[in-house]
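Listed below, chain by chain, are the residues.
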There are 2 protein chains.
Amino acid sequence: MPKISEERKAERREQILAGARRCFSRHGYEGATVARLEEEIGLSRGAIFNYFGSKEDIFLELAWRDSERLIRLWLDEGWEQTLRSIVEEDPEWLGVYFELTRKARTDPEFSRRHEERTQEQLAPGLIEHVRADQQRGALRDDLPPERLAGFVSLVANGVAFQTAYGEPIRNVDALVELVRSAVEPPTA
Amino acid sequence: MPKISEERKAERREQILAGARRCFSRHGYEGATVARLEEEIGLSRGAIFNYFGSKEDIFLELAWRDSERLIRLWLDEGWEQTLRSIVEEDPEWLGVYFELTRKARTDPEFSRRHEERTQEQLAPGLIEHVRADQQRGALRDDLPPERLAGFVSLVANGVAFQTAYGEPIRNVDALVELVRSAVEPPTA
């Protein structure tokens, strides 16, 4: 095989991830067969699995990137922008995320790999961020930071669920206002 | 066939629903084959489908009863008890509810039948109840009742999602406190 540059390798990885994401959205996780992945990505199975060990690995990378993007958005622009971003998420892709949920319930190893990466690598920075917001008075401080972060995550999961279910958020401003009343200190 | 009393018929229906619920929890919606339903219910397919037209009908009845029970709980005891009840829901059964979600996404007729019954028969009473709570000062009145009911439903969906996903609510009192701050008027 000809040698290819690191840059070209990185491009290929992105090509595979983008095509796989479209394929999962269209056909679901189980329905995204290797043949369909090849077609949507535009590479042979040999090339695809040269970059990722398995379909599960591709999927975990996509799910992990979603988590990372949302947590980074929270760190950079706050919980409000994070919620607004989920409201605008592609319902088809969220449907795939629910398949992940189902798979995680029945496959502890799959679940462990996903949790390990999201919980251990992403969650601690978020908790620190929430604690800092509490200290400067931007968030209520009568509950531990884990509870506040957990609550916003819970609302985000509810939004994702309803969006995938075809019952999208009708009034995102009202939602943000309600969450604000929950997590910010009462105005004196 | 011998004639059986109305009372006996009602008992049979309950027997079928209880057995089917166990069967769906154990095997999922797709995995609950007619043979498994027969075994778990303890009746032949002929007897079962004498009471319900199809597996889908049995499932819709179970899903509808869940919605009805939760809304009745809200009307009788308030949103707080409703949230607490969902926290204690069987994760396996909630997993089946997610299968319903998936099915509804891909099967508009299934979705329509479920929505028709829950939205049209149950939702209006709930909105009236929220409006009355707003009028007596128990809930904030600067947002329409639909938004408040929708928010609590969204949180409930988040709870159900996380419970099924194996990430159950660790501190239900903190959750209730946060939702209270969101939906109740600020204390003067």
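Note that the structure is predicted; figures quoted are calculated from it, not measured.

If you look at the interface, chain B gives 38 residues, while chain A gives 38 residues. The contact between chain B and chain A buries some 3400 Å² in all, and 65% of this surface belongs to carbon and sulfur atoms. One salt bridge connects Arg140(A) with Glu177(B), and the closest N-O pair in it is separated by 3.4 Å. Along the contact surface separating chain B from chain A lie six residue pairs in polar contact (both at pLDDT 80 or more). Among the elements of the structure, helix H6 (91–106), helix H7 (108–121), helix H9 (145–165) and helix H10 (172–183) of chain B are those that each provide at least two residues to the side of chain B that touches chain A. For the side of chain B that touches chain A, the element with the highest residue contribution is H9(B), accounting for 13 residues.

It is worth spelling out the packing of helix H1 (residues 6–31) of chain B against helix H4 (residues 55–77) of chain B at this point. Residues and elements named next belong to chain B. Direction vectors running N to C along H1 and H4 enclose 100 degrees, while the axes themselves pass 10 Å from each other. One element, H1, and the other, H4, form an angle in the roughly perpendicular class. Residues Arg13, Glu14, Ile16, Leu17, Ala20, Arg21, Phe24, Tyr29 and Glu30 of H1 form the contact with H4, whose own contacting residues are Lys55, Glu56, Ile58, Phe59, Glu61, Leu62, Arg65 and Asp66. Looking at the contact of H1 with H4 residue by residue, the classes come out as eight nonpolar, no polar and nine charged.

With that settled, the discussion passes to the confidence of the model for chain A. A low pLDDT score tells you not to read the predicted coordinates there in detail. Looking at chain A as a whole, its pLDDT mean stands at 90, while 98% of the residues score no less than 70. For this predicted complex, the interface score ipTM comes out at 0.85, while the overall pTM is 0.86.

Laying chain B over chain A is done by rotating through 180 degrees and shifting 0.0 Å along the axis; what remains is an RMSD of 0.0 Å. Viewed as a symmetry operation, the transformation between the two copies matches a two-fold axis. Residue by residue, 100% of the interface of chain B is reproduced at the interface of chain A, so both copies engage with the same surface.

Residues and elements named next belong to chain B. The tally for this structure, following the rule as stated, stands at 46 salt bridges over all chains. The residue Arg26 makes a salt bridge to Glu40 at a minimum N-O spacing of 3.3 Å. With Arg26 in helix H1 and Glu40 in helix H2 (residues 34–41), this pair connects stretches of sequence that are 14 residues apart. What makes Glu40 buried here is its relative accessible area of 18%.

Residue and element names in this part refer to chain A. Assigned domains of chain A: these are domain 1 (1–53) and domain 2 (60–183). The centre of domain 1, based on its C-alpha atoms, is set 27 Å off from the matching centre of domain 2. Between domain 1 and domain 2, the contact holds eleven residues from the first and eleven residues from the second. For the domain 1 and domain 2 pair, buried surface summed over both sides reaches about 1000 Å², with 57% attributable to carbon and sulfur atoms. Of all residues in domain 1, Arg21, Ser25 and Tyr29 bury the most surface against domain 2, accounting for 55% of the area lost on that side. Run the count over domain 1 and domain 2 and you get three salt bridges. Between Asp66 and Arg21 there is a salt bridge; the shortest N-O distance is 2.9 Å.

About the thresholds
Residues numbered from 1 in each chain as written. Chains lettered and ligands numbered in written order. Predicted model: local features only at pLDDT ≥ 70, side-chain atom pairs only at ≥ 80, totals over all residues. Heavy atoms only, no water. Contact = heavy atoms within 4.5 Å. Buried area = accessible area lost by both parts, 1.4 Å probe. Salt bridge = Lys/Arg side-chain N within 4 Å of Asp/Glu carboxyl O. Polar contact = N/O pair within 3.5 Å; in protein donor to acceptor, adjacent residues only side chain to side chain. Helix = DSSP H or I, 4+ residues; strand = E, 2+ residues; numbered from the N terminus. Axes fitted to C-alpha atoms, helices over the stretch in contact; angles between N-to-C directions. Parallel < 35°, antiparallel > 145°, perpendicular 65-115°, else oblique. Nonpolar A, V, L, I, M, F, W, Y, C, P; charged D, E, K, R; others polar. pLDDT = per-residue confidence, 0-100. Least-squares fit on C-alpha atoms with pLDDT ≥ 70 in both. Buried < 20%, exposed > 50% of the residue type's maximum accessible area, 1.4 Å probe, protein only. Domains from an automatic or database assignment.

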